[in-house]
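# Report on the structure
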Amino acid sequence: MRGRPLLYTSYGQDMALLDTTAKRIWTLVLVLVAFLLSGVLADRSLEVLAGAFVLAIGAIGLNIVSGYAGQISLGHAFFVAIGAYTAAALSGPVDGRNLGFGLTEIWIWLPAAGLLAALAGVLVAPLAVRLRGLYLAVVTLGLVFLGEHIFKEWDHLTGGPGVGRQAALPTLFGTRLDVDGPLGTREQSLYTLMLIMLIIFAVAARNLARSRIGRAFSAIRDRDIAAEVIGVPLTRYKVLAFGISSFYAGCAGGLLYVMTGFVEPGSFSLLLSVQFIAMVLIGGVATVSGSIMGALFIVLIQPLTRSLPGFVPFVSGDTTVTPNVFQVETVLYGLLIVLFLVFEPRGLFGIWIRVRNYWKSWPFSY
């Protein structure tokens, strides 16, 4: 095999998680660099990157149902909200102003947030069997507006619009991770936590994609009638796709507001769903690496858009004034989606593939 790394002699080698030595080395290097950044970057930069890691978990979840299984979903913000408020309620104080159970251990409220969101996804999933395309998109879009109404009116859980409540408290075996401690500053501890969570969820999604379930998802995405003819049960796998995607969204929701320590009902609007769609389409559909790239891209351009009022006088930072930076961000997301769909349908991951293939064949052009 020396000198011929792509010559496989078994099916297991072809389906390996990292099938070449170069991939294994570069993946290890990237992971090590990511961990080392916690001791190099400023706390504010670590906070931004930690938020990007959490959003990447949610984008991976959306990619599972839309990229791998081919089911259009515009209601990702609804499942993120369920996870966020489940985590906040479980970890909140029992005698507080809002609903709370005092279970601050992250290994309790994080799986619970994912499971409750997954349950909601499973309840919605039967519609995916009967609907497709724009019809399914409209139904899932309705979940966002339904969730906005429920969470704004359920004051005992959410604190109400404009008021909000304390987000989930991350405690691991009695050690608070959202305060300065033996693991470093608050930002360093949370950055490391979010990075570990991203690695776990990314590896799980990649293993799912190359399993029998992942191949069934791909068959349904490419041609669901043909998949059913060859024995793929559509109902089972579509429900499973929505359940897994919602689990990822719920876990992302539970972790997303840990950094700020505050969660407000107005955060789970259509804009959040559009952000997740932009992450998937810009990063690359049906790729775990693309979801991470897309999340990092979207999060890292936000500081640029938020600084626009200092360079463009007619753009305001006040949400009550038109135009404001948040409206500019919404337009920018839509523009980026259109540009990538037209000029680079495979997203940032496709650009990386082209660059990699160029250097693999360099200096030859064929």
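Heads up: the structure comes first, above all this text.
Here goes a summary of the coordinates provided. Since the structure is predicted, the reported quantities are computational estimates derived from the model, not experimental observations.

### Re the layout of surface pockets
Here the largest pocket is characterised by a volume of approximately 2100 Å³. What lines the largest pocket is a set of 50 residues, and nearest its centre among them are Leu 18, Thr 27, Leu 30, Ser 289 and Phe 349. Mapped onto the lining of the largest pocket, the elements with two or more residues apiece are α2 (21–36), α3 (43–68), α9 (186–209), α10 (212–222), α14 (288–306) and α16 (347–361). Residue composition of the lining of the largest pocket, grouped by class: 35 nonpolar, 5 polar and 10 charged. As a volume, the second largest pocket reaches approximately 830 Å³. Element by element, the count of residues in the lining of the second largest pocket is highest for α3, at 6 residues.

### Observations concerning the packing of aromatic side chains
Using the criterion set out here, one finds 10 aromatic pairs in the structure. Measuring from ring centre to ring centre gives 5.4 Å for Phe 53 and Tyr 191, while their planes differ by 50°; the resulting arrangement is tilted. Residue Phe 53 is located in helix α3, and its partner Tyr 191 is located in helix α9; the two are separated by 138 residues in the primary sequence. Across this residue pair, the class does not change: Phe 53 and Tyr 191 are buried.

### Digging into the nonpolar core
A general feature of soluble globular proteins is that nonpolar side chains tend to end up buried together. Ranked by size, the top nonpolar core spans 98 residues in total, and within it Ile 64, Trp 109, Met 194, Leu 255 and Phe 268 carry the most contacts. The greatest single-element share of this core, amounting to 16 residues, is contributed by α3. If we ignore the near neighbours within four places in the chain, the residues touching Phe 268 are Ala 77, Val 80, Ala 81, Ala 84, Tyr 85, Val 144, Glu 148, Tyr 257 and Val 263.

Thresholds applied
Residues numbered from 1 in each chain as written. Predicted model: local features only at pLDDT ≥ 70, side-chain atom pairs only at ≥ 80, totals over all residues. Heavy atoms only, no water. 1 Å grid on protein atoms, 1.4 Å probe; cavity = no way out; pocket = protein on both sides within 12 Å on 5 of 7 lines; lining within 4 Å. Points joined across faces, edges and corners; volume = space filled by probe spheres on them. Helix = DSSP H or I, 4+ residues; strand = E, 2+ residues; numbered from the N terminus. Nonpolar A, V, L, I, M, F, W, Y, C, P; charged D, E, K, R; others polar. Phe/Tyr/Trp six-rings, centres within 6.5 Å; stacked < 30°, edge-to-face > 60°. Buried < 20%, exposed > 50% of the residue type's maximum accessible area, 1.4 Å probe, protein only. Core = buried A, V, L, I, M, F, W, Y, C linked by side-chain atoms within 4.5 Å. Contact = heavy atoms within 4.5 Å.

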